[in-house]
Structures are given as structure tokens and as C-alpha cells.
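Here's the letter readout for the chains.
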Amino acid sequence: MSIDQSLTIVWVCDHESNHELNILRSQGWNILALSTSARSTRQIVASNQPILDHLGLQPDFLEHLYGDWIQQGAGNPAADAAPRHYSEIDAVIVSDPRYLGRILTRYAGRVFYRAYDPPGQLSQTFWKLNYFRAIQERGDFWVLPCDEAALVGEHDWLKQRMRVVPLGSDQDLPLARVMTQMNRDRTPPPQPVLLPAKRHEPAALDKLKRLYVLFHFPGPIVRLNEQGQYLSSEGIPRVVRKFVEAVLAKTSYQVVITCRAGQLEACYGFFKAQDYPGRMQFLLLDPEDTELRYQSKVRKAWVQIRRQYTTTWRWLWPWIEQRSQWTAQVVHRRKNIKVGWLRFWQWVWLKRLAIHFTALPFLALGLVGLKAGTAVMKRLKVHPKIIKKYSNIVNRRYDHLVVYNELEYLETVNQDEQTAFVLVPHYYLFPESMLIKHRKAVYLPDYMPHFFRGQKFAGSLDRWHDRIGYTIVQQMNWIFTASYFSQSYLPTTVLEVEPEKMTVLPIPLLMQKIETVDAVIGRQVRDVMNSSQYLFYPTQDRPNKQLSFLLKLFKDLRRDLPDLKLVLTANIHIHPGTRQVYTDLQLQDAVILLEDVSDAELQGLYQQAAALAFTSTMEGNFPPQIFEALTLNTPVVATRIPLITEALGDASDRLLLCDPLDLPSFREKLLYALRYPQQVRDRQRVAYHRILDQYNDEKFADSVADFLANLP
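Residues numbered from 1 in each chain as written. Predicted model: local features only at pLDDT ≥ 70, side-chain atom pairs only at ≥ 80, totals over all residues. Heavy atoms only, no water.

The subject of this paragraph is the sheet that holds strand 1 (residues 8-13). Picture the strands of a sheet paired through backbone hydrogen bonds; they go either parallel or antiparallel. Read from one edge to the other, the open sheet built from five strands follows the order 2-1-3-4-5, with strand pairing classed as parallel. Either end of the sheet is taken by a strand with one partner, and the two such strands are strand 2 (30-35) and strand 5 (141-145). Direction aside, the axes of adjacent strands within the sheet are offset by 20° on average. Relative to strand 2, strand 1 runs parallel, the two being bridged by six bridges. For Ile9, the partnering residue across the bridge sits in strand 2 and is Ile31. Most of the contacts of helix 1 (residues 19-26) go to strand 2, to which it runs at about 150°, and overall it touches strand 1, strand 2 and strand 4 (110-115). Of the strands in this sheet, strand 1, strand 2 and strand 3 (91-94) are in contact with helix 3 (residues 59-70), which crosses strand 2 at around 45°. (Pairing = 2+ DSSP bridges. Helix = DSSP H or I, 4+ residues; strand = E, 2+ residues; numbered from the N terminus. Axes fitted to C-alpha atoms, helices over the stretch in contact; angles between N-to-C directions. Contact = heavy atoms within 4.5 Å.)

With that settled, the discussion passes to the sheet that holds strand 18 (residues 591-593). What the six strands build is an open sheet, ordered 18-17-16-19-20-21; its pairing is parallel. Edge positions in the open sheet fall to strand 18 and strand 21 (656-658), since each of these has one partner strand only. Strand-to-strand twist in this sheet, taken as the mean axis angle between neighbours without regard to direction, amounts to 25°. In the packing of helix 23 (residues 599-608) onto the sheet, contacts are made with strand 16 (534-537) and strand 19 (611-614), and the angle to strand 16 comes to roughly 135°.

Now for the nonpolar core. Counting residues in hydrophobic clusters, the biggest one holds 84 residues, and the most contacted among them are Trp69, Phe126, Phe243 and Phe421. It is helix 9 (residues 236-250) that provides the largest number of residues to this core, a total of eight residues. Apart from the residues lying within four places of it in its own chain, the contact partners of Phe126 are Pro97, Leu100, Tyr113, Tyr131, Phe132, Ile135, Val143, Trp157 and Leu158. Counting residues in each nonpolar core, the second largest holds 67 residues, with Leu564, Leu605, Ala629 and Leu648 among its members. (Core = buried A, V, L, I, M, F, W, Y, C linked by side-chain atoms within 4.5 Å. Buried < 20%, exposed > 50% of the residue type's maximum accessible area, 1.4 Å probe, protein only.)

Quick look at the pattern of salt bridges now. Opposite charge on two side chains makes pairing possible when the charged atoms of those side chains draw close. In total, this model carries 17 salt bridges according to the counting rule given. Arg114 is the salt-bridge partner of Glu20, the closest N and O atoms lying 2.8 Å from each other. Residue Glu20 is located in helix 1, and its partner Arg114 is located in strand 4; the two are separated by 94 residues in the primary sequence. Per residue, the accessibility class of Glu20 equals that of Arg114, and both read buried. In this structure, Asp556 and Arg667 form a salt bridge, with 2.6 Å as the shortest nitrogen-oxygen distance. Taken as a pair, Asp556 in helix 21 (residues 547-557) and Arg667 in helix 26 (residues 663-675) lie far apart in primary sequence, 111 residues in all. Under the relative-accessibility criterion, Asp556 is labelled buried at 14%. By relative accessible area, which is 24% here, Arg667 ends up partly exposed. A network of salt bridges, in which partner residues are shared, links Asp556, Arg559, Asp560 and Arg667. (Salt bridge = Lys/Arg side-chain N within 4 Å of Asp/Glu carboxyl O.)

Take a look at the structure:
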């Protein structure tokens, strides 16, 4: 490969003593060095004078670049300015991350970032500096790390831009060859990944039918760990991911996912947005959070004051709710639930105003009293345009400082004429979805409170969840459920699901299988995997999961196996009953709690577990834990529930199944699985192939495609 030394390059570095910079200059490369630590532009011009003379450039050219890229301040992306082409420059190399964002938004040509950063820290650094949008909207930006180790722990949204270029020697510098090759191979810019907050005119991409997915907090939660893996303690985010993958694979729909600024990085990698250029976009509910760090100190102080009041309100709201039982009485009886819904919505809007606007609603409530506040909210509910108008006035006045009211994203969705339908992934976490004018579908896999009446699933909030869920379900055009069993009983629950609205989707394996898991497993999980023998049950603490029974069973097993451990992924301090059993049995040293694990860590825990102890007495679909354990060849001991026996048929005899809450039976079969694990694995293989034939990615994708194809 020939080295093109005729390129004119600007290198933005923290000081001119950069080793690779000096080597390239000594080899005859035309490199203008912009040192961010220089005391003045005169010093920069002096150090670059021979190259300026060789290129026939005037000193004011460097002075202009320095003033535009460096003097405006570190970390300022300058999103309000259009990027500019410079005919005198072929490419820009940046090794000082503080100024990368501004260069990406001010310079329209080729940009390389030469990474000397520690492994796993670059994507976090760029995210904190608010470079995500600037990088995703550029097709001609590349990160050039020095070592393969730099890729470990980096997040997917940046890893796709990385090309490893070793340091080399003075005689052979790989950076020179790679830059020449990459400067010749131009990549077209990708489609924008962020949807504007408001849409008043159709864009070029609006030719596609659009599916909106509500995924923002407090809905499904996805987080990133230190290794760049995605954490989720619930199954709903994984179901939504499978649904989105099926839509993108089988149809020509465009998918728009709502999220908050703090979720954007995690959601981008979780949904693998880099694999669907132009087909997947994200609608930010609070874009001001990505630009707050560049505001003046006065505005930052104002935001901090407002958020302090918000925190106070979040603390005060449970106290107010306890003293507002009279509102619950209005809608307590089922026959009055529709009549009382308006009164309940007074409280919903009251809470949203105080949280999502400034501290003014909170102060107003303190002055006029709670009852007067509900009267005001009644009028606002009757006239929603007043809320919208007030929101717009506040946002125009304070620009990015005021968190967008939840109605803002609803306006975006409602004004989008290309919307085919909106997916609501939970039956009570998105009460504002009732204001969406387009067709809607809700994912309702089960309703466990129907079988455990009198037991709390979400504490004092259960009654609110029922009322929100009832109203949402009644307004939905379609209800997606996970099994025919759920389809049979949901119409008899308090949600009163209409049978003709339900569609059964066969949920496949939700866990993302990973070939090599060692490099992406955290230290705590690795220590657990390398410790003594342990039982495993990844689930949340719900009444149907029977974790109290599992703790008693585990205590009994430790009489014969004192070194045995139990690994749970639940927060057992939520429900008083489970917490009491955990404390009374003194299992703090024997039970290992891992509340958030990635798919790689989950896979490793399954593979090293002595057995899966599945004690649940009721599920809405074929248990994903059993599906995952069978896939990873982990011995299974489970409760005999109808969903298992109906799905497996005669192959259910190949599993070690016990009657519900039968401690002697569980004890006997767990001891058998611990003593003869290979025999148990051999028996399970028939059950695994039976369930795989019914629940797989292809059948799920076909079901989604058939549903979309038959939309009226």
C-alpha cells in the first residue's frame, strides 16, 4: 500500500510532544498541530510556520481554527451551528477528548480520534461529555485505539466505530497506512438515530410506517454495568427487544423507541440500533439533560433548586397519599370504577405537574390546600389544552432547563401521520398512553394478583395499578399475551379483558446466548461461579415465586450439605414475609443476592449452577427460567404446574417435577440432582427439544409478522 504523504492533516492534541505526531512530521507528512495547552495563537503559528509556508497557507488560517475549535471551551458540541468544510484540510486527528465534540459539530470532514485511554473508559468518557448525538450523526468518524484490550468493556454504540491501530516503530508506523486507506474509503453518513422532540413537517424517512414503543422510565429499566453489558432484572424489556427484532426482520416498519436522556446509551446497545440504520430511532423525553452541563452557572443553580423541590415532593407524596383515602373510596367498588375514574385522574395529573414542571405547583399546593388543588386539576383534566399551553410557555422561556412535560412526547406521537400503532409494554406504568390517539397494543403476559387475592404484589400501590390497568386495557385495540392459559382467564380478572382483542405470541428464549462469557463477567459473579456448589433461581420476589418456601427448603438441605449456597437475583427485602423468613433462618452467609446480572453473567451462573430450584406455583407462560436452564444444560427441579405439563406433554416426565410447596418431594429430587447431575441432564434433552419446537425465534417472528400483515 502506498503512503499518501500529500494529505493535509490537523492534529488537535494536548501538547506537541506526541510521539506519533513527531514521527509523521519527520517522514514528511503535512500535519498542523493545534496544541490545546498552548498559551496563545502566536505560539501555535510559530511552531507550525514551516508547514504553513510549504502549504501556502496564511497564519490567520490556524488562528481561525484555534478560535473556532479550542477557545470556545472544552466539551461544547456547539449543536446550534452548522459544520463547515475546509478545502485546505483532508482530515483531522484528535487526541484530546475534551474538544472532540465541538470539532465534530464544527468540521464537516473526516475525523479520527487517536485513543490512548485506558481500556473500557472511552465510551463512558464520551457519554459524559455529551458526544453521543454528534458521533451517531457522523459517518466519517473513527476511533483508533492502540491495543485490542481497548475494545473490552466498551459499549456497542462506540465499538462499531473502533479500528485497532498498533503504535508500531519509528520506521513502521501503522497509523500512516491506516489513515491513508480509510481516507480513501469513504462511508456514507448514517440515518439520524434521534427523532426530534416535535414534528411539524414530515421528513424524508416518513415514508415508512412507524411503530412507537413506550420504553422510558418508569417503564422497563435497562442499565449498563462496568463491562458494557446490559442489565435488566425483568423479562419485559427482553420481550420488547424480541418484538422489535421481529418487526425489523419481517416487515418494512420503522421503530421509534421512547427513552430519557439517561437511558439513551443503554437502550441504544440493548436494542442493537447500530444494526438497523434508518430503521430504528429514539425519541427523547428530556433532551435538556444532555445539554445541561454547558449552561451558565445561574441556570445550573436554578435547575438544582428545582430538582431539590422535586425530590422533596417525591418524599412527601406517600404521606399525602395516606391521608387521601377519600379519593380511593370513590373508585373502590367495581361498579363505580368508571364514574370515579375522573377523580382518580385528578390525582394522576396533580402528581405529574409537581414532578415534571418546576417547584411552583408544589408551592401552590402548599398554599391553596390539597382539596383546592384537586378542584383545579379537575378543570385541567376537562381542558387538556390548558396544560399543553402552560407547558409550551414554560419551555420557551427556560429553553432546555425545564424537564419536558409528559404530554410533549404524546404530541409528537399524535401528530405523526405515519404511525401504524403504539406498543405499550406494561399495563399500568404508562397511564398517559390513554391520551394517544393512534391505535394501541398492550403487552399483558399475565395477571398474578387474580390467583393470590389478599397478597400484595406492589404494596399499597396495588389498588392504583388495578384502576390504571382496567382503563388502559379497555382503551387498547389489541392485547398481546404469552399463553393460551392467560388468554383463558384474563377476561375473568378485574381488568375485564375482551377476548376478541387478545393475540397469543409464543415467547421464545429471551436470553442472548454468548459464546465467550469470561471476559465480560464481573468480579462478584465470577467469585460466585468459582465458589462452592450452589442452587440458582433468577427471579423477582413475587407471591407466586414462593421464595419463602425456597428459603425453608434450602435451610433443610443444608443439614446434609452445609457448604451448599443459594444464589438469587431478587431483592428479598421488598416483601415483609420473605424478609422475615430470611432473617429468622439466619441465611445471610449462605444466600448470595445478585440483583442485576447481564445476559453473559446469567449464562455463566446457569452453567456453573448445581441445579435450578424452580418453586413458583403459577406462571403466565412457559417459565423462562426452565427454558434457559434446559438450553444451558442445567439440571432442573421444578413445580408441577399446568403450563409445564401442557407444553411438554409426555416429555414432562423427563423433568424432576414436584407438587406445589411439597418440601419432602423437593428435597428428595434436589438431592438426586446434586448427586447424579449427568443423568438428570441426559433425561432433560427430550424436554428441551420438545419446548424448542414450540417456542423459537422463527415462530415468534412469524406471529408478529402475521399480526402486522393483518392490520386493518
